[in-house]
Amino acid sequence: MDQRRMCPNCRAFITSRDKVCPYCNERVGPRAVERRDPGAIMGGFIPHARFVTMIILTINAGLYLATVVFSQRNEQGSFLSIDGQTLIAFGAKLRAAIFGYGQWWRLVTAGFLHGGLLHIAMNSWVLFDLGAQVEDIYGGSRLVVVYFMATVSGFLLSALWTSAISVGASAGIMGLLGAMIALGVRNRHTAAGAAMQGMYVRWVVYMLILGFLPGLHIDNAAHIGGLAAGFSVAYLAGTPRIATAWSERLWLGAAVAAVAITAACFLKMYLWFSTPMQ
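Residues numbered from 1 in each chain as written. Predicted model: local features only at pLDDT ≥ 70, side-chain atom pairs only at ≥ 80, totals over all residues. Heavy atoms only, no water.

Please give an account of the nonpolar core that cites residues and values.
In terms of nonpolar packing, the biggest core is built from 63 residues, with Leu 130, Tyr 138, Leu 176 and Met 180 touching the most fellow members. Sort the elements by how many residues they give to this core and helix 8 (residues 170–186) lands first, with 11 residues. Every residue in contact with Tyr 138, bar those within four places of it in the chain, is listed here: Ala 179, Met 180, Ala 182, Leu 183, Ala 234, Gly 238, Thr 239 and Pro 240. (Core = buried A, V, L, I, M, F, W, Y, C linked by side-chain atoms within 4.5 Å. Buried < 20%, exposed > 50% of the residue type's maximum accessible area, 1.4 Å probe, protein only. Helix = DSSP H or I, 4+ residues; strand = E, 2+ residues; numbered from the N terminus. Contact = heavy atoms within 4.5 Å.)

Please provide a residue-by-residue account of helix 11 (residues 246–274), values included.
End to end, helix 11 covers 42 Å across 29 residues, agreeing with the expected 42 Å (1.5 Å per residue, within 8%). Listing the buried residues of helix 11 in full gives Glu 248, Trp 251, Ala 255, Ala 258, Thr 262, Cys 265, Phe 266 and Met 269. Taken together, the buried residues of helix 11 touch helix 2 (51–73), helix 3 (84–89), helix 5 (106–109), helix 7 (140–161) and helix 10 (220–237). (Expected span 1.5 Å × (residues − 1).)

Please set out the pattern of salt bridges residue by residue, giving values where relevant.
Inspection of the entire model under this criterion finds 1 salt bridge. Across the pair Arg 142 and Glu 248 runs a salt bridge whose closest N-O atoms are separated by 2.8 Å. Of this pair, Arg 142 sits in helix 7 while Glu 248 sits in helix 11, and the two are 106 residues apart along the sequence. Take Arg 142 and Glu 248: they sit in the same class, and that class is buried. (Salt bridge = Lys/Arg side-chain N within 4 Å of Asp/Glu carboxyl O.)

Give me the packing of aromatic side chains: which residues, what numbers.
Given two aromatic rings, one states the distance between the centres and the angle between the planes to describe the pair. Overall, the coordinates contain 9 aromatic pairs when judged by the stated rule. Arranged with centres 5.3 Å apart and planes meeting at 50°, the rings of Phe 90 and Phe 273 form a pair that is tilted. Separated by 183 residues along the polypeptide, Phe 90 in the loop between helix 3 and helix 4 (95–101) and Phe 273 in helix 11 bring together distant segments of the chain. The class for Phe 90 is buried, based on a relative accessible area of 10%. With a centroid separation of 5.8 Å and an interplanar angle of 20°, the aromatic rings of Phe 231 and Tyr 235 are classed as stacked. With Phe 231 and Tyr 235 both in helix 10, this residue pair falls 4 residues apart, about one helical turn. On the basis of relative accessibility, which here comes to 28%, the residue Phe 231 falls in the partly exposed class. Sitting above the plane of the Trp 272 ring, Arg 106 keeps its charged end 4.8 Å from the centroid. (Phe/Tyr/Trp six-rings, centres within 6.5 Å; stacked < 30°, edge-to-face > 60°. Lys NZ or Arg CZ within 6 Å of the ring centre and 35° of its normal.)

The structure is reproduced here in structure tokens:
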């Protein structure tokens, strides 16, 4: 895991081993992930440094298994690849359904679905590492808000751009990349900030280049929308300061709202899915 952290007093980059900031000489307390009770999170089953990240990965995996079972029951898909009708039934982004029937919940549910084993494996691999970095620096509340806004914005731009079915966590992942770029931009006058900005910008370039390769069916519109939203939210949010500050309560409230809206979207998906007409 990345050992860089930020001094809560002078905002300089230091390492997780520093007990006193070498720039402002203020004592630095333990990170939020180090203050959590090891027994509070499923007996330590979920790593503390990536609690929110692991929850997202678990939801993705659970939904993938559900789509596999549904598609095999209908003899249309397989464990390696999910058919389009199954993805639509479970809430894939579909322009006609969103704009024609008002199914705006698809802008959220699409971000937790995947079209095949390779698709979810690649996204999970990136999310596992990148999510931990964002969660360590920004905290769980900001990560939830960034990921939620990136997913919605990404699939909204995708719906405006193309009528094709689209699913995947990559819109949210691009939002996390945008958050790390925002951190570098905020601290671009330091060597560490400039290096961080350059590294994650290269990641974005690689992702967008892959989107133009033929045969991969990558949704670059969702990637661009997610990146822009993630950068904007993270630049506005900044990194956590004092836990009791009004701004921290604001971001916690925003995270709770994002979780509630996500749950409501899946409820809408279930109600639509379970109607006899469907």
